[in-house]
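Given next are the chains, with one letter for each unit.
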Amino acid sequence: MCGIMGYIGNRQAQSVLTNGLRKLEYRGYDSAGIAVFTGETIAVRKKTGRLAALEQQLAASPLHGSLGIGHTRWATHGRPSDENAHPHVDQSGKFSIVHNGIIENYLALKRELLEKGVTFTSETDTEVIVHLLAELYAGDLVEAVLQLTRKIRGAYALGVITEHEPDKLVAVRVASPLIIGLGDGENFIGSDIPAVLEYTRDVCILEDGDLAILTKDDVTILNIDTKQLINRERVQIDWDQEQAEKAGYDHYMLKEIYEQPRALRNSMAGRIDEAGKTVTFSGLQLRPLLNDIDKVFIVACGTAYHAGLVGKHVIERLARLPVEVDVASEFRYRRPLISEKTLTIVVSQSGETADTLAALREAKRLGSNVLAITNVVGSSIAREADRVITTLAGPEIAVASTKAYTTQLLVFYLLGIYLAQERQTLDEQLRIALIEALQQLPEQVESILANADEIRLFAESIKQEKSIFFIGRGIDYAVSLEGSLKLKEISYIHSEAYAAGELKHGTLALIEEGTRVIALATQEELYEKMLSNIKEVKARGATVLGISSAKTIELHRAVDEVWLIPSTYPLFTPILSVIPLQLIAYYTSLALGNDVDKPRNLAKSVTVE
Ligand code: F6R
């Protein structure tokens, strides 16, 4: 997730900006840069890699001035490179901007600007903003930024400066976080509170649609649609630096669980047309990869593998293509039956997992095209795959994967619908209804998160268990596997995920008086069958928590406790049913006093075989 820092005051902006950016390092980044008004012009320094590389460049050629913007970039459009790093400037060099978010209509805007003869120097979506701004400017920066917000679509937080008006810094927030730090004779912008804490503890949190005009001595906020002045509360922050990095949450894992609605919205942005009728992966040229395929392999590890299991249901149901799912460490040694007609999809949050990378190479060696679903644009897997769809979850810091999983699911839904469009395997009305349901998911996740209190109590009640069962049928079984992995890895309690109908073939022997069972029953067509399986474990003395969207008396009678999740299309329930499972794992680990973010024996990125 990109980091923004901006400064206007009397200090040297260069050091304020680099200090602020250092405090945003925890967000993850691949390049960094600053732009400073030096008294005559705007000068920019930017560099791929760590902040230290930028600082080296600044030591060799420092920038003097008290107005500036800075940025750490987490690549989304265009690989990590010096050119793609922010800040970006227009052709005249008189305007500079930093941006966090995604401009959904950047391709159309870029086309228009190219036709007008504008030269682009990067592959980013951001660069269109600065060229547009320069074009719209007619002597009033605020007016030009207001007009700009009418042209761009998507999620964005912006910091803008121009040498025409060096007494101000303009900032805008639309669906990407941005805060103002209020100082004495100086003011700041930051994409997060830690950026400004060294200088001030007085902040003002911008809301969607806010445009802030910062001068040294004043901050004015207005609404971008109505232009009406807005009074935003001044908040005193008493967090220490570490708490601030976690946005006040106790752990990164919890923060990332709560970031899921935003991560889902970002991953959807620009991939559904404005009318809500089709899925588009513009600029990706997926079509040549999909022509003539007769089989799909999904290969991944751990949580990403579990997302792949859901992906199989989605692609088979919607696009009527046979799909095999393999654990990457198995795939490479089992001589998989692959031809040029096979599409291999590798899924990896980090894009660096050694087993997945080796599987990708093996698939290519056998003649398959490879599509990667990853969260890290410049990663090894992203570089070696034929095509890449990015999950725009932002950096995931906790070892236990949460928002990467739900955004991987979302990408599978989009891909499933896209494949169905291409292969004409889905009725148009149903496709539109599916897209509508997809767009409701972030809000539905929010509603589950808003009622998470009872999960704490449940976690308290299971923390002494030796073993727990997760059961489900069909797509619920795939989610059970993920729920079980999450619990194992951070609570260290043994758990087993089982296809509910398979219990009677042996494992039922382990169910005894008081055994805790978490039963997922979200699939209407399997509901009756699932109820029978729940009764089987209940009859052997199990204590059962049911997770379902069906408010039936039978379910309430069959289980000890029910948690309801909102209704959606059966294929989409995993994004909702996994949320309580993530929270169960989190709160159980917390109740046991474990190191939630860094569980024993595990690493965030597994780069060895
Ligand atoms: C579990 C977890 C791991 C990873 C696995 C693959 O919470 O994080 O199971 O999912 O190591 O990692 P990536 O997705 O980076 O390839």
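Since this is a predicted model, take the numbers as computed values, not measurements. (Residues numbered from 1 in each chain as written. Predicted model: local features only at pLDDT ≥ 70, side-chain atom pairs only at ≥ 80, totals over all residues. Heavy atoms only, no water.)

A. Spotlight on the nonpolar core. Among the nonpolar cores identified, the biggest contains 119 residues, and Leu 286, Ile 345, Ile 518 and Ile 584 are the most heavily contacted of them. Counting residues in each nonpolar core, the second largest holds 32 residues, with Leu 133, Val 142, Val 170 and Ile 224 among its members. (Core = buried A, V, L, I, M, F, W, Y, C linked by side-chain atoms within 4.5 Å. Buried < 20%, exposed > 50% of the residue type's maximum accessible area, 1.4 Å probe, protein only.)

B. Up close: unusual backbone geometry. Note that the residue after His 86, namely Pro 87, is joined by a cis bond; omega there is 0°. Here Pro 87 is to be found in the loop between strand E4 (67-73) and strand E5 (88-89). Despite not being glycine, Gln 424 has its phi angle at roughly 50°, a positive value. Relative to the elements of secondary structure, Gln 424 occurs in the loop between helix H14 (403-423) and helix H15 (428-450). Here Gln 424 falls in the exposed class, since its relative accessible area comes to 70%. (Helix = DSSP H or I, 4+ residues; strand = E, 2+ residues; numbered from the N terminus.)

C. Local environment of the packing of aromatic side chains. With the rule as written, the count across this model stands at ten aromatic pairs. Each ring, one from Phe 297 and one from Phe 331, has its centre 5.3 Å from the other, and the planes form 75°; the classification is edge-to-face. Of this pair, Phe 297 sits in strand E16 (residues 295-300) while Phe 331 sits in helix H11 (residues 328-331); the two residues are 34 residues apart in sequence, bridging distant segments of the chain. Judged by relative accessible area, which is 0%, Phe 297 ranks as buried. Their ring planes at 65° and their centres at 6.3 Å tell us that Tyr 569 and Phe 572 sit as a pair that is edge-to-face. (Phe/Tyr/Trp six-rings, centres within 6.5 Å; stacked < 30°, edge-to-face > 60°.)

D. The arrangement of the sheet that holds strand E8 (residues 169-174) in detail. Reading across the sheet, the seven strands line up as E5-E6-E7-E8-E12-E13-E14 and stay open at both edges, with antiparallel pairing between neighbours. The open sheet is flanked by E5 and strand E14 (229-230), the only strands paired with a single partner. By the bridge criterion, two bridges tie strand E13 (residues 219-223) to E14 in an arrangement that is antiparallel. From the neighbouring strand, Ile 221 faces E14, where its bridge partner is Ile 230. (Pairing = 2+ DSSP bridges.)

E. Region of interest: the domain arrangement of the protein. Under the domain assignment, the protein is made up of domain 1 (2-245), domain 2 (256-446) and domain 3 (451-591). If you look at the interface, domain 2 gives 30 residues, while domain 3 gives 26 residues. Buried surface at the junction of domain 2 and domain 3, summed over both partners, amounts to about 2400 Å²; 73% is from carbon and sulfur atoms. Of all residues in domain 2, Ile 257, His 306 and Gln 444 bury the most surface against domain 3, accounting for 20% of the area lost on that side. The interface formed by domain 2 and domain 3 contains one salt bridge. Between Arg 317 and Glu 525 there is a salt bridge, and its shortest N-O distance comes to 3.2 Å. (Domains from an automatic or database assignment. Contact = heavy atoms within 4.5 Å. Buried area = accessible area lost by both parts, 1.4 Å probe. Salt bridge = Lys/Arg side-chain N within 4 Å of Asp/Glu carboxyl O.)

F. Up close: the site of the ligand. Near the ligand, the surroundings consist of 13 residues, among which Ser 348, Gln 349, Ser 350, Thr 353 and Glu 489 are the closest. Thr 303 is positioned with one of its backbone polar atoms (N or O) 3.1 Å from an oxygen atom of the ligand. Protein chains bury 89% of the 410 Å² of accessible surface belonging to the ligand in isolation. Only helix H10 (302-319) and helix H17 (475-491) provide two or more residues apiece to the shell around the ligand. Split into classes, the residues belonging to the shell around the ligand amount to four nonpolar, seven polar and two charged. (Near = heavy atom within 4 Å. Polar contact = N/O pair within 3.5 Å; in protein donor to acceptor, adjacent residues only side chain to side chain. Areas by Shrake-Rupley, 256 points an atom, 1.4 Å probe, with all protein chains shown as cover. Nonpolar A, V, L, I, M, F, W, Y, C, P; charged D, E, K, R; others polar.)

G. Region of the structure containing the sheet that holds strand E17 (residues 323-327). With parallel pairing, the five strands of this open sheet are ordered in space as E17-E16-E18-E19-E20. Each edge of the sheet is formed by a strand with only one pairing partner; in this case those strands are E17 and strand E20 (387-390). On average, each strand axis in the sheet is tilted by 20° relative to the strand beside it, whichever way the strands run. The pairing of E16 with strand E18 (residues 342-348) spans six bridges and is parallel. Bridge pairing links Val 296 to Leu 343 in E18. Lying over the sheet, H10 contacts E16, E17 and E18, oriented at roughly 175° with respect to E17. Along the sheet, helix H12 (residues 354-365) contacts E16, E18 and strand E19 (369-374); its crossing angle with E18, the most-contacted strand, is approximately 165°. (Axes fitted to C-alpha atoms, helices over the stretch in contact; angles between N-to-C directions.)

H. Summary view of the packing of H14 against H15. Running from amino to carboxyl end, H14 crosses H15 at an angle of 165°, the nearest separation of the two axes being 11 Å. With respect to H15, the element H14 is oriented roughly antiparallel. Relative to H15, the crossing made by H14 is left-handed. In this structure, H14 contributes Leu 410, Tyr 413, Leu 414, Ile 417 and Gln 421 to the contact, and H15 contributes Arg 431, Leu 434, Ile 435 and Leu 438. Within the contact of H14 with H15, the residues separate by chemical class into seven nonpolar, one polar and one charged. (Parallel < 35°, antiparallel > 145°, perpendicular 65-115°, else oblique. Left-handed = near helix turned anticlockwise from the far one by under 90°.)

I. Geometry of the side chain of Lys 486. Tracing the backbone through its elements, the reader meets Lys 486 in helix H17. You can call Lys 486 buried: its relative accessible area is 1%. In this structure Lys 486 touches Thr 303, Ala 400, Ser 401, Gln 582 and Ala 585, once residues within four positions along its chain are discounted.

J. Here's a closer look at the side chain of Glu 256. Positionally, Glu 256 belongs in helix H7 (residues 252-258). No salt bridge forms around the buried Glu 256; measuring N to O, its nearest opposite-charge neighbour Lys 403 is 5.0 Å away. Those residues in contact with Glu 256 that lie beyond four places of it in its chain are Pro 395, Glu 396, Ile 397, Ala 398, Thr 402 and Lys 403. (Lys, Arg positive; Asp, Glu negative; His and termini not counted.)

K. Looking closely at the pattern of salt bridges. Applying the stated criterion across every chain yields a total of 34 salt bridges. Salt bridges sharing common partners tie together Arg 22, Glu 25, Arg 50 and Glu 55.

L. Here's a closer look at the pairing of strand E24 (residues 543-548). In terms of residue burial, E24 counts as a mostly covered element, since five of its six residues are buried. Read from strand E23 (residues 516-520) through helix H18 (residues 527-539) to E24, the crossover connection turns out right-handed. Across four bridges, the pairing between E24 and strand E25 (residues 561-564) is parallel. Bridging across to E25, Ser 548 finds its partner in Leu 564. Viewed along the sheet, the connection from E24 through helix H19 (residues 553-558) into E25 turns out right-handed. (Right-handed = clockwise from strand over helix to strand, strands pointing away.)

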